[in-house]
Amino acid sequence: MLAIEGLTKRYSTGDLALKGVTLTVAAGEVLGLIGPSGAGKSTLIRCVNRLVEPTSGTIRLDGVDLAALRGARLRAARRQIGMIFQEYALVERLTVMENLLSGRLGYTGFWASWFRRFPATDILRAYELLSRVGLAGMENKRADALSGGQRQRVGIARALMQDPKLLLVDEPTASLDPKTSRQIMRLILDLCRERGLAAIVNIHDVVLATEFLPRIVGLRAGEVVFDGPAAEVDRAVLTRIYGDEDWTAITQRLASQRERRDRDFETELEAEAA
Amino acid sequence: MSADLAVTAERQTTWRRPPFILNAWLRWSLIVGAFAYLVLGIGSLEVNWARVVQGLERGYLFVKAFLSPDFVSRWDDIQRGFIESLTMTVTSTAVGVLLSIPVAIGAATNLAPRWIYLFCRGFIAISRTLNEIIVAILLVAMFGFGPFAGFLTLTFATIGFMAKLLAEDIEEIDPDQLDALRATGATFWQGLDFGVLTQVLPRLIGLSMYRLDINFRESAVIGIVGAGGVGDTLNTAMDRYEYGSAAAVILVIITIVMVAEYTSGLLRKRIQ
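Reading the values: rules and limits
Residues numbered from 1 in each chain as written. Chains lettered and ligands numbered in written order. Predicted model: local features only at pLDDT ≥ 70, side-chain atom pairs only at ≥ 80, totals over all residues. Heavy atoms only, no water. Patch = residues over 30% accessible without salt bridge, like charges linked within 9 Å, V, L, I, M, F, W, Y side chains within 5 Å. Areas by Shrake-Rupley, 256 points an atom, 1.4 Å probe, with all protein chains shown as cover. Salt bridge = Lys/Arg side-chain N within 4 Å of Asp/Glu carboxyl O. Helix = DSSP H or I, 4+ residues; strand = E, 2+ residues; numbered from the N terminus. Buried < 20%, exposed > 50% of the residue type's maximum accessible area, 1.4 Å probe, protein only. Contact = heavy atoms within 4.5 Å. Buried area = accessible area lost by both parts, 1.4 Å probe. Nonpolar A, V, L, I, M, F, W, Y, C, P; charged D, E, K, R; others polar. Polar contact = N/O pair within 3.5 Å; in protein donor to acceptor, adjacent residues only side chain to side chain. Axes fitted to C-alpha atoms, helices over the stretch in contact; angles between N-to-C directions. Parallel < 35°, antiparallel > 145°, perpendicular 65-115°, else oblique. Left-handed = near helix turned anticlockwise from the far one by under 90°. Lys, Arg positive; Asp, Glu negative; His and termini not counted. Charge placed at Lys NZ, Arg CZ, Asp CG, Glu CD. Pairing = 2+ DSSP bridges.

S.K.: An account of a nonpolar patch on the surface is needed here, citing residue identities and associated values.
M.R.: All names here are of chain B. Taken together, the side chains of Phe71, Val72, Trp75, Ile250, Leu251, Ile254 and Met258 define a hydrophobic patch exposed on the protein surface, amounting to about 650 Å² of accessible area. The leading source of residues in the nonpolar patch is helix α11 (residues 243-271), at four residues. Here Ile250 shows up in helix α11. Relative accessible area serves as the criterion here: at 32%, Ile250 is assigned to the partly exposed category.

Put into structure tokens, the structure is as follows:
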């Protein structure tokens, strides 16, 4: 569905953030993008919805090259791509409902949005999503009155208001505590599964990534250095992505994670056989 | 590693903040130079002490006259002047604020392309360089005596003031909020409404309130050069040596400015 080819980004400072990245994402596929700070993870996903202008390369979404779009056609393409941010990026002084409805701006005329007169279907959709993400009854709260986890839920609901095919998720849990992080990851993954959405999830936490995301792509200094199933992430792969470090603690946790998963799978098989 | 440190580092117990200007010679010559300039500057002032004593006597007469303000004999003039001033203040603030918004957007580096930015910054620079009195003299010469010239003067000054401060505020907005809106497929104008206006609105209202009381005070000043309002009334009273009426005008100005300041402070607190 999404096919990135030879994507290069050189910032005006001369820094080469992406060096010919090639990556494909199938419809409904969810992948985790890991890599050290400054590897170009954020730049890569921001090139997809053109918040960052790619220097060269193509980004095809269902055959349409996003890198070549301008004006109204670019905005129409952006409607199909939802984005979730690390610091939530909600409009802090507006209500939760206005934040959700802002996900429909691409479908709404200027004056309708100025007077906050959104179509009934959008409002219905907003109420449904609000209760789906666990914030029923919060529509009139101001975004800056919510906790971090609640804000991220609003951010997720706003992205889904767009009715996207693809989600770009930029460090969704980096500002959250461990428990909330897991809840948010689970929510994102569940929603992707329910709606058949593809997603690219930038994430720092390798253990969290391999637990929730079936496919892992490793980025280092603007290049893809690993692309494979989460089960294949081991000491050698981590060293390739992040460089030398004592990875024992992390690899042990990855191993026990795998064992647990295999055990669950076997009990499932036994249950089916019985 | 800590063992290495203990061996190499000396046991140092004093520390001083590095000076702002590292070169000691340059630092001291700047300090001495500035002090010498100050002494020479004060020395060059010529003070006519006899005139100062005379002035103190005149000042005493002024103050004595002001202690018995006369609200009655020129009340009609005073009232007319104030109504004119207030009208001038409110209209020029409203028009000035409205016009300053597009200029502020144009003068914000994060929103406007380079050429619009330069144009708007140029306009702001001109508006802020020219003091209200100079603009008033020019506009009175163009449009004649009266409050219309005053209205134009204050509007012009308001645009420069508001646009500059608002543009700085726009440049400091959280860019993520705007990015998130762009990512939904919002147009530039929708982004401005949801992402920029919401972030700068409290400041926009606060600055407008502040400008309202600046404009009232300025309306009293520019009246002196013929731009209408209460300044005109004050000027006339002084010309006629009617210090009692002049005192009345000044007292009313003080009251109104205090009331305006108090209410604008209250309003600003409420919107935060």
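Resuming the write-up.
S.K.: Can you explain the environment of Val39 of chain B? Please cite residues and give values.
M.R.: Structurally, Val39 of chain B is set in helix α2 (residues 24-44). In this structure, the C-alpha to C-alpha distance between Val39 of chain B and Ile222 of chain B, residues 183 residues apart in sequence, is 36 Å.

S.K.: Can you lay out the pattern of salt bridges for me, pointing to particular residues and giving the numbers?
M.R.: Taken as a whole, this structure holds 25 salt bridges over all chains when the rule is applied. With a shortest N-O distance of 2.9 Å, Asp227 of chain A and Arg215 of chain A are connected by a salt bridge. Note that Asp227 of chain A is positioned in strand β10 (residues 223-229) and Arg215 of chain A in strand β9 (residues 215-220), a separation of twelve residues in sequence. Exposure remark for Arg215 of chain A: the relative accessible area of 13% places this residue in the buried category. Between Arg121 of chain B and Glu171 of chain B there is a salt bridge whose closest N-O contact spans 3.4 Å. Placement of the pair is Arg121 of chain B in helix α5 (residues 114-129) and Glu171 of chain B in helix α7 (residues 147-171), with a sequence separation of 50 residues. Relative accessible area serves as the criterion here: at 28%, Glu171 of chain B is assigned to the partly exposed category. One network of salt bridges, with partners in common, ties together Arg46 and Asp170 of chain A together with Asp179 and Arg182 of chain B.

S.K.: Which residues make up the interface of chain B and chain A, and what are the values?
M.R.: Interface size is often expressed as the accessible area that is lost when the parts come together. Each side of the interface is counted separately: chain B has 20 residues, and chain A has 31 residues. Buried area between chain B and chain A, both sides added, is near 2,100 Å², and the carbon and sulfur share of it is 61%. When the buried surface of chain B facing chain A is broken down by residue, Thr184, Gln190 and Phe194 of chain B rank first, second and third, together holding 30% of it. Inspection of the region where chain B meets chain A yields two salt bridges. Contributions of two or more residues to the side of chain B that touches chain A are made by α8 (175-183) and α9 (188-222) of chain B. A per-element tally of the side of chain B that touches chain A places α9 of chain B first, with eight residues. Residue classes in the side of chain B that touches chain A are distributed as nine nonpolar, seven polar and four charged.

S.K.: Tell me about unusual backbone geometry, residues and numbers included.
M.R.: Glycine aside, a negative phi is what most residues show, and trans is what most peptide bonds show. Residue and element names in this part refer to chain A. Its identity is not glycine, yet Arg50 carries a phi of approximately 60°, on the positive side. Looking at the secondary structure, you find Arg50 in the loop between α1 (41-48) and β4 (56-61). Positioned with a positive phi, Ala89 is a non-glycine residue whose angle comes to about 55°. By secondary structure assignment, the location of Ala89 is in the loop between β6 (81-84) and α3 (96-101). Residue classification places Ala89 among the buried residues on the basis of a relative accessible area of 3%.

S.K.: Describe the side chain of Gln190 of chain B, listing the residues and the values that go with them.
M.R.: Tracing the backbone shows Gln190 of chain B in helix α9. At 3.0 Å, the side chain of Gln190 of chain B and the backbone nitrogen of Thr187 of chain B are in polar contact. For Gln190 of chain B, the contacting residues outside a window of four places in its chain are Leu105, Thr108, Gly109, Phe110 and Ser113 of chain A together with Gly195 of chain B.

S.K.: Report on the packing of α5 of chain B against α7 of chain B, specifying residues and quantitative values.
M.R.: Residue and element names in this part refer to chain B. Direction vectors running N to C along α5 and α7 enclose 130°, while the axes themselves pass 8 Å from each other. Our classification of the angle between α5 and α7 gives oblique. As for the relative orientation of α5 and α7, their crossing is left-handed in sense. Between α5 and α7, the residues in contact are Tyr117, Arg121, Phe123, Ile124, Ile126, Ser127 and Arg128 and Phe156, Ala157, Ile159, Gly160, Phe161, Ala163, Lys164, Ala167 and Glu171, respectively. Residues of the contact of α5 with α7, tallied by class, amount to ten nonpolar, two polar and four charged.

S.K.: Now, about a negative patch on the surface: what can you tell me, with residues and values included?
M.R.: A grouping of Glu259, Asp262, Asp264, Glu266, Glu268, Glu270 and Glu272 of chain A is seen on the molecular surface, where their side chains present a negatively charged patch. Positionally, Asp262 of chain A belongs in helix α10 (residues 248-273).

S.K.: Pulling in residues and values, what's your account of the sheet that holds strand β5 (residues 64-65) of chain A?
M.R.: Residue and element names in this part refer to chain A. Reading across the sheet, the four strands line up as β2-β1-β4-β5 and stay open at both edges, with antiparallel pairing between neighbours. Both outer strands of the open sheet, β2 (16-25) and β5, are each paired with one neighbouring strand and no more. Taken together, the two bridges between β4 and β5 define a ladder with antiparallel strand orientation. Pairing of Leu61 across the sheet is with Val64, part of β5.

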